[in-house]
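Below are the chains, spelled out letter by letter.
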Amino acid sequence: MKARTSRKKITGFLMILPLLIVFIGLTLYPFGYMIFMSFFRYSLASWEKPEFVGIDNYREVFRDRTARSSVDFTLLLLVTAVPLEILLGIGIAFLFRDSLGEKVFRSVLLIPMMVPAVVAGIAWKMLYNFEFGPINYFLTLLGGEKISWLGTQFFSRLGVILIDVWQWTPFVFLVIYAGLQSIPRDVVEASLVDGARGFTALRYVELPLLRPLIWVVLIIRVIDALKLFDIVYMVTFGGPGSATHSYSFYIYKVGVSFGWDIGYASALSILLLIAITILTNLLFRFLRFRETLEL
Amino acid sequence: MNWVWRSIKGILITAVLFFFLFPVYWLVTTAFKKSEAWFSWPPSLVVFQPTWENFLGSEGEFFGSTTTAIATITPYLRNSIAVALCVALFSTVIAACASYAISRFRVGGMGFVSWIISIRMLPPIASALPLYVVFSRLRLVNTWWALIAAHLVFTIPFSVWILLTFFNEIPRELDEAAYVDGANTWQTFRRVVLPLSVPGLAAVATLAFIQSWGEFLMALVLTTGKEAQTLPIYLGRFITGWRIAWGPLAAAGLVTMIPVILFSLLMQRYLLRGLTFGAVKG
Amino acid sequence: MNFFGPYRRSPESIAKFGEVNLDWGDYFTAQGKPAFNSEEGVQAVQDMLDLMQYAPDPLGSDYGETLEAFSKGMVAMVPQWTACLASWKESPQLQPFEEKVGVALMPGGVPVSGGWGLGINASSKNKEWAFRFIQYATSKEGDTIQWLKYRIGPTRQSVVVDPQVVTDSPWLQEVYVASLNGASHRPRIPEEPKLEDVFVGVLSEILLGQQPNTVETLNAVAEEWERALRK
């Protein structure tokens, strides 16, 4: 019996080996390299060898205007787009529940979330066009003025936030919707029998049951919002000025467009990684592994 | 009161659907518009005379085929298909083995599972730069392999999660029965568990395919030419120093989008499981 | 650049900042110090601010959209490279093309010079063929074809005076040569993208009205530049 257990262990290890190789080669190694490089001045565009500069790169982050503005914008996304997505997602889930054709709606709402962000970016860039864009057309129909969607700090930021909401509200919706489906009918009915009316039942019975799920979605959205890149790249390219530089987009600029400044880009990435690690650990508290995995 | 409530609900539903579908509608219609109608005032909301020009090219004009049509799409389409297929295959095989080991032998326990999730959370831009450095040393920049490897990093965690929930639903008694019949672990996995989880494997492969297909950042950093660039990068070709060719751009976007949408509609049940680490059973 | 150039090239400024160094470009003094954080720089930005009211969506348009605005006949003038002439020729709103579209020297007479470089990669498998291609592309014949067909600005004087080119585009000789003679230059240093990005950031803030157009604001940019260059 003992021999079999140990053989099982070996087989088990062999079975996760490919995954370990991929992950160690493609994540641990690069990240080790990045931590290392973040203490060097090193640019792929120049011939110079890496030069040790201590924590200069990190100090630079706090002095860098564009870095600060990209942090501002990313935080703005977190406090506007994400809550909006959660609220809208929950709202739409309740709105669509028990309505005619809910199955169709559910599938249809999958589309914004699945369309590759680059493609969505093209569509939105056309919609936001100042002279010919349909959004400005609808605005003039309603008697409004044309808005320079990508030309002012306020509207370009709002524009990016709107696209993010468009893209990810469906995700929140689908999760909450699935959660609602899994609440046993009799729980709700029991509360109705107890005299709870429509909204009360929702407030005191269903929402509390959904709470863990809402937390999971919230944290996943926060982490993903920190990584926003494609949309910014396609629609505003960070402009006007540095108004819509998301943090990831700024890392891209530093790391690629400014002549592959690997040292500074590494320092910026490490800071992002720290933030994401903290959030991921928070997520683990809400994912009930033991139940889902039967561990 | 009931009808008031119901009509409000109807209006709200219409508004929601309009908001979420209009951008897609706009893109799809633009792909079939003639160049005068890409942008016009008032915008042409309905296409009365759809054209295939943006796909096939218009004859005898100055631009030739460089930006008038997506006739040049072939190499990029080939790259996208090759990369996405390989990613789907490798990520399914690797994830299936690992998930089985986790599900049946609890290899690594909670710590291991958490680690896999945290890899899904990694910001792609942070790994793109070090990977670029590594791959350029290995002379793998602008090859399929660089892109496949980079994509595996985020498709595997996702696949592991779907398959974990799948394998856990297969009763362990079946494994035990196979052992009693003298099968070893590998045989049990291959002959008993895998055949039972074909739907799960198909879902995982399809979803990995989609993720790789639409991925932009890694492809942007790790590829430089038509030998390896994928469709999302190809779209950039239509934004040139001469003009933005909105029609062909939308047409190429449509081609990029269609497989993703079809596949994700087919696999929507599993999609959520993977995206929420099993928090939703779907 | 188009705006600062005339100020930078005026006799007073040459006396103040020294001759323009081709590697450092017009933004720098002859000694490689930023020159734009000065009254002249503020003037140049003011010129931009004054012109903004005439542009349809000055800060929201990207490069491609400014091309489109002209090709749809929405704006009367646009500062552009030469290549778009070829595509505008196809635009239905600009017909008859020869009557409607003309080319003139940039107001102020100091347009930005831009150019392309052709090079051979050290790991190229076909160095010989690459070299021959470059030879052809930069030859008089290649240069002429590029101009006649794609409106890519000629790099050879002999092409500009070529009879075929003169009949095709009679204005070229006067305008193009004047442009080249007056051309201002971007810095040709590896840090250029970073510098440009810093500048664009602050410049947009000034144009958006978030920062005052003063020497102090421009000083802040100059400081960032010097820091980036020391690095």
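Placed above this text is the structure.
The structure reproduced in this document is the subject of the present report. (Residues numbered from 1 in each chain as written. Chains lettered and ligands numbered in written order. Predicted model: local features only at pLDDT ≥ 70, side-chain atom pairs only at ≥ 80, totals over all residues. Heavy atoms only, no water.)

### What to know about the packing of aromatic side chains
Centre distance and the angle of the planes are the two values used to describe a pair of aromatic rings. As a reminder of what qualifies: Side-chain rings of Phe, Tyr and Trp, where Trp is taken by its six-membered ring, are said to pair if the distance between their centres is within 6.5 Å; with planes under 30 degrees apart they count as stacked, over 60 as edge-to-face, and otherwise as tilted. Helix and strand assignments follow DSSP, with helices taken as H or I runs no shorter than four residues and strands as E runs no shorter than two, numbered in order from the N terminus. Note on exposure labels: buried denotes an accessible area under 20% of the residue type's maximum, exposed denotes more than 50%, and partly exposed covers the range between, all computed with a 1.4 Å probe on protein chains only.
Tallied over the full model, the rule gives 53 aromatic pairs over all chains. Measuring from ring centre to ring centre gives 5.5 Å for F40 of chain A and F52 of chain A, while their planes differ by 80°; the resulting arrangement is edge-to-face. In this pair, F40 of chain A sits in strand β1 (residues 40-41) while F52 of chain A sits in strand β2 (residues 51-52), placing the two residues 12 residues apart along the sequence. For the pair F4 of chain C and Y27 of chain C, a centre-to-centre distance of 6.0 Å together with 20° between the ring planes defines the contact as stacked. Here Y27 of chain C lies in the loop between α2 (11-17) and α3 (39-52) and F4 of chain C lies in helix α1 (residues 4-9), a separation of 23 residues in the sequence. We note that F4 of chain C, like Y27 of chain C, is buried. The rings of W124, Y128, W149, F154, F155 and W166 of chain A together with F19 and F20 of chain B are connected pair by pair, giving a single aromatic cluster.

### Details of a nonpolar patch on the surface
Residue and element names in this part refer to chain B. Our working rule: Nonpolar side chains (Val, Leu, Ile, Met, Phe, Trp, Tyr) within 5 Å and like charges within 9 Å form the patches, drawn only from residues with over 30% relative accessible area and no salt bridge. The Shrake-Rupley method, run with a 1.4 Å probe, gives the accessible areas here. Residue values count only the displayed protein chains as cover. We define a salt bridge as a contact between a side-chain nitrogen of Lys or Arg and a carboxyl oxygen of Asp or Glu at a distance within 4 Å.
A grouping of L89, F90, V93 and W145 is seen on the molecular surface, where their side chains present a nonpolar patch of about 400 Å² in accessible area. Of all the elements, helix α4 (residues 74-105) adds the most residues to the nonpolar patch, at 3 residues. Assignment of secondary structure puts L89 in helix α4.

### Observations regarding the side chain of T188 of chain B
All names here are of chain B. This is how the line gets drawn: Only heavy atoms enter the contact rule, under which two residues are in contact if any of them lie within 4.5 Å.
Structurally, the position occupied by T188 is in helix α9 (residues 185-196). On the accessibility criterion, T188 (0% relative accessible area) is buried. What T188 contacts, discounting residues up to four positions off in sequence, is Y100, D175, A178, Y179, A183 and V193.

### Some words on the packing of helix α4 (residues 102-114) of chain A against helix α14 (residues 268-275) of chain B
Heads up, the condition is: To define axes, lines are fitted to C-alpha atoms, for helices over the stretch in contact only, and angles between the resulting N-to-C directions are given on a 0 to 180 degree scale. Orientation labels follow simple angle bins: below 35 degrees gives roughly parallel, above 145 gives roughly antiparallel, 65 to 115 gives roughly perpendicular, and whatever is left gives oblique. Put simply, a crossing is left-handed when the front helix is turned counterclockwise from the back one by less than a right angle, and right-handed when it is turned clockwise.
Running from N to C, α4 of chain A and α14 of chain B point in directions that differ by 50°, and their axes come no closer than 12 Å. As the angle between them shows, α4 of chain A and α14 of chain B are arranged oblique. Remark: the crossing between α4 of chain A and α14 of chain B carries left-handed chirality. For the pair formed by α4 of chain A and α14 of chain B, the contact residues are R106, S107, L110, M113 and M114 of chain A on the first element and Q268, L271 and L275 of chain B on the second.

### Some thoughts on the environment of M257 of chain B
Here M257 of chain B lies in helix α13 (residues 246-266). Residues M257 of chain B and P232 of chain B, 25 residues apart in the sequence, show an inter-C-alpha distance of 9.7 Å.

### Some points on the interface of chain A and chain B
Many analyses report the size of an interface as the accessible area lost when the parts associate. Note the following rule: Values labelled buried area give the accessible surface lost by two parts on being combined, using a 1.4 Å probe and summing over both. Gly is put with the polar residues, along with every residue not named as nonpolar or charged; the nonpolar set is Ala, Val, Leu, Ile, Met, Phe, Trp, Tyr, Cys and Pro, and the charged set is Asp, Glu, Lys and Arg.
Chain A puts 97 residues into the contact, and the matching count from chain B is 98 residues. Counting each side, the surface lost to burial between chain A and chain B is near 8800 Å², with a carbon and sulfur contribution of 85%. Of all residues in chain A, M15, F23 and M126 of chain A bury the most surface against chain B, accounting for 9% of the area lost on that side. Counting the contacts that link chain A with chain B gives 1 salt bridge. A salt bridge links D224 of chain A to R120 of chain B; the shortest N-O distance between them is 3.3 Å. For the side of chain A that touches chain B, the leading source of residues is helix α1 (residues 2-37) of chain A, giving 19 residues. For the side of chain A that touches chain B, a count of residues per class yields 70 nonpolar, 15 polar and 12 charged.

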